[in-house]
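So the chains spell out like this:
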Amino acid sequence: MLSADEAADLIEAIAARQDRAAFASLFRHFAPRVKAFIMRGGTDAEAAQEVAQEALIMVWRKAASFDRSRASAATWIYTIARNKRIDLLRRSARPIDTEDWLVVYAPEGEEADKSVLAGQTYTRVKELLGGLSEDQLVVIRKAFFEDKTHTVIAEELKLPLGTVKSRIRLALGRLREALEKDES
Amino acid sequence: MSRHPAPDELLLDYAAGTLPEAPALAVALHVALDPTARQAVDRLNAVGGALIEGEAEASLGDIALERVMARLDGVTVEPRTAPAARRPGFEWAPPPLVPHLRPGMGWRRILGKFDEIRLDVPGDAYRVSLLRLEPGHGLPKHKHRGYEYTVCLQGGYTDETGSYSVGDFAIGPGAERHEPIADPGEPCIALIVVEKPIVLTGPWGRLFNPLVSRGWI
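Predicted model, so just to flag it, every value in this text is computed and none were measured.

Q: What is the right way to look at the overall build of chain A in this model?
A: Within chain A one finds 9 helices and 0 strands. Reading chain A from its N end, one meets helices and strands in the order α-α-α-α-α-α-α-α-α. Within chain A, counting contacts between residues at least 6 apart in sequence, those at least 24 apart form 62% of the total.

This is the structure we're talking about:
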């Protein structure tokens, strides 16, 4: 296992000195996870592996843009993998410029606004997800794993759109409350 | 906190990467201007991070790592990406909008009432425009057949549903008629993403679709 701090150190080592050993460690930890994550949506192993490899190469290229005070390594790599999935799978006919999506757009004048989640470990967020009801969790998982909008999720679950919206709002409300409590 | 935030389900679609590019641009602008929305998206991204971290430790095989390592020689570690610089004449445009502003783009007067810049965002299902209204001026009363997403980028406007200022997000389902009017002060500039109506088929389609796609009927 790789702790959140260790993973962040590895990304910073790539940024500072193009550290190939650091890259290899990150790759061994994250590439299989990204591949497994992408496959949950029904993507075949080969395409999922390509997303994982391309995502990790992007981690190398963009290592200097990683900011550990804003996001954990896993969160940052998630956003890269998400964009690669969009590029390579969903919009394969027309690759978009992933780089545009990669920049984290901070509201201006919000210098002090550092994410409370940066220091959060996987365990904490997992714990919070565990606190959600099964109904709420199903919707969240479908969005992330199966690459579906809330409208499509409502159709699939044969639920009124309003029901799906309120489940999402309750789930996000619970996450917000719990994380704000952590912060104070 | 914004008085008119984007709804949570849209932020979830955005963070999960499932939102088509045009509405995703509207959400990106809202997030760039509204700290509360950004925190919400940060939290959702952290959920994505936790889900990735929670995946099993399967191996990709050493060959995959070797191949990728061999490719790294041709890939530069780039300096930190700075947000896109403000474009002269478009100082009000937040960074996510800047790549969509092409050289030579300018305001076009529509019906003698307001100015428009049509943006070329990939995807056929949406029409994406920047609209500029002088204070006290409004858009003609109109009705939409699909969803309409609006983000206020400069000044403010008021319609039947409330007053909107910079960073505010509005989402309107089709049937509502509304008549936005720009508030006093500087001209109101907003990004509007309109879901296009269903394209007509059959012999009449060829005649009417150009009008439909321009939102005229």
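Q: Would you mind showing me how to read the sheet that holds strand β1 (residues 108–110) of chain B here?
A: Whenever strands of a sheet pair, they do so through backbone hydrogen bonds, lying parallel or antiparallel. Residue and element names in this part refer to chain B. Ordered by their spatial adjacency, 6 strands build an open sheet running β1-β2-β3-β11-β5-β8, and the pairing between neighbours is antiparallel. Edge positions in the sheet fall to β1 and β8 (169–172), since each of these pairs with one other strand and no more. Along the sheet, successive strands turn relative to each other by an average axial angle of 30°, direction set aside. Each of β3 (126–133), β5 (148–154), β8 and β11 (188–195) touches helix α2 (residues 21–33); the most contacted strand, β5, lies at about 35° to it.

Q: Looking at this structure, I do not really get the interface of chain B and chain A. What am I missing?
A: In this assembly, 54 residues from chain B lie in contact with 68 residues from chain A. Within the residue set of the side of chain B that touches chain A, elements represented by two or more residues are α1 (8–16), α2, α3 (35–53) and α4 (62–72) of chain B. By residue number, the principal contributor to the side of chain B that touches chain A is α3 of chain B, which donates 14 residues. By residue class, the composition of the side of chain B that touches chain A is 31 nonpolar, 9 polar and 14 charged.

Q: Would you mind going over the domain arrangement of chain A with me for this structure?
A: One frequent convention defines the size of an interface as the accessible area lost when the parts assemble. All names here are of chain A. Taken as a whole, chain A is organised into domain 1 (4–102) and domain 2 (122–183). On a C-alpha basis, the centroid separation for the pair domain 1 and domain 2 is 24 Å. Taken together, the 6 residues of domain 1 in the interface contact 4 residues of domain 2. Sorting elements by how many residues they give to the side of domain 1 that touches domain 2 places helix α4 (residues 73–90) first, with 3 residues.

Q: Can you walk me through unusual backbone geometry in this structure?
A: Most peptide bonds take the trans form, and the phi angle of most residues other than glycine is negative. All names here are of chain A. Although it is not a glycine, Asp147 adopts a positive phi angle of roughly 60°. Here Lys158, not a glycine, exhibits a phi torsion of approximately 55°, which is positive. Among the secondary structure elements, Lys158 is positioned in the loop between α8 (150–157) and α9 (161–183). Lys158 gets classed as exposed once you count the C-beta atoms within 10 Å, which come to 6.

Q: Help me understand the confidence of the model for chain A, please; the structure alone is not making it clear to me.
A: Low pLDDT means the predicted atomic positions in that stretch should not be read closely. Per-residue confidence for chain A gives a mean pLDDT of 83; residues scoring 70 or more make up 80%. pLDDT under 50 marks residues 92–113 of chain A. Its contacts with residues more than four places away, or in other chains, come to 36 contacts.

Q: Help me out: how do you make sense of the environment of Leu33 of chain B in this one?
A: All names here are of chain B. Following the sequence through the fold, Leu33 ends up in helix α2. Accessibility expressed as a C-beta count within 10 Å gives 23 for Leu33, which makes it buried. Taking the C-alpha atoms as reference points, Leu33 and Val166, 133 residues apart in sequence, are found 7.4 Å from one another.

Q: Got a minute to help me understand the confidence of the model for chain B in this structure?
A: In the predicted model, chain B carries a mean pLDDT of 84, and 83% of its residues have values of at least 70. Among the prediction metrics, the complex's ipTM stands at 0.88, with pTM recorded as 0.88.

Q: Could you clarify how one ought to interpret helix α7 (residues 134–146) of chain A in this entry?
A: Each full turn of the α-helix corresponds to 3.6 residues, which orients residues three or four apart in the same direction. Residue and element names in this part refer to chain A. Helix length check: α7 (13 residues) gives 17 Å between terminal C-alpha atoms against 18 Å at 1.5 Å per residue, within 8%. Restricting attention to buried positions, one finds in α7 the residues Gln136, Val139, Ile140, Lys142, Ala143 and Phe144. Asp147, located one to two residues past α7, shows a positive phi value of around 60°.

Q: Whenever I open this one, the nonpolar core confuses me. Can you help?
A: Side chains of a nonpolar character, in soluble globular proteins, are inclined to be buried together. Among the nonpolar cores identified, the biggest contains 103 residues, and Ile11, Val34 and Ile77 of chain A together with Leu11 of chain B are the most heavily contacted of them. Summarising the domain contributions, this core has at least three residues from each of domain 1 (4–102) and domain 2 (122–183) of chain A.

Thresholds, definitions, all that
Residues numbered from 1 in each chain as written. Chains lettered and ligands numbered in written order. Predicted model: local features only at pLDDT ≥ 70, side-chain atom pairs only at ≥ 80, totals over all residues. Helix = DSSP H or I, 4+ residues; strand = E, 2+ residues; numbered from the N terminus. Contact = placed C-beta atoms within 7 Å. Pairing = 2+ DSSP bridges. Axes fitted to C-alpha atoms, helices over the stretch in contact; angles between N-to-C directions. Nonpolar A, V, L, I, M, F, W, Y, C, P; charged D, E, K, R; others polar. Domains from an automatic or database assignment. Buried ≥ 20, exposed ≤ 12 C-beta atoms within 10 Å, placed from the backbone. pLDDT = per-residue confidence, 0-100. Expected span 1.5 Å × (residues − 1). Core = buried A, V, L, I, M, F, W, Y, C linked by C-beta atoms within 7 Å.

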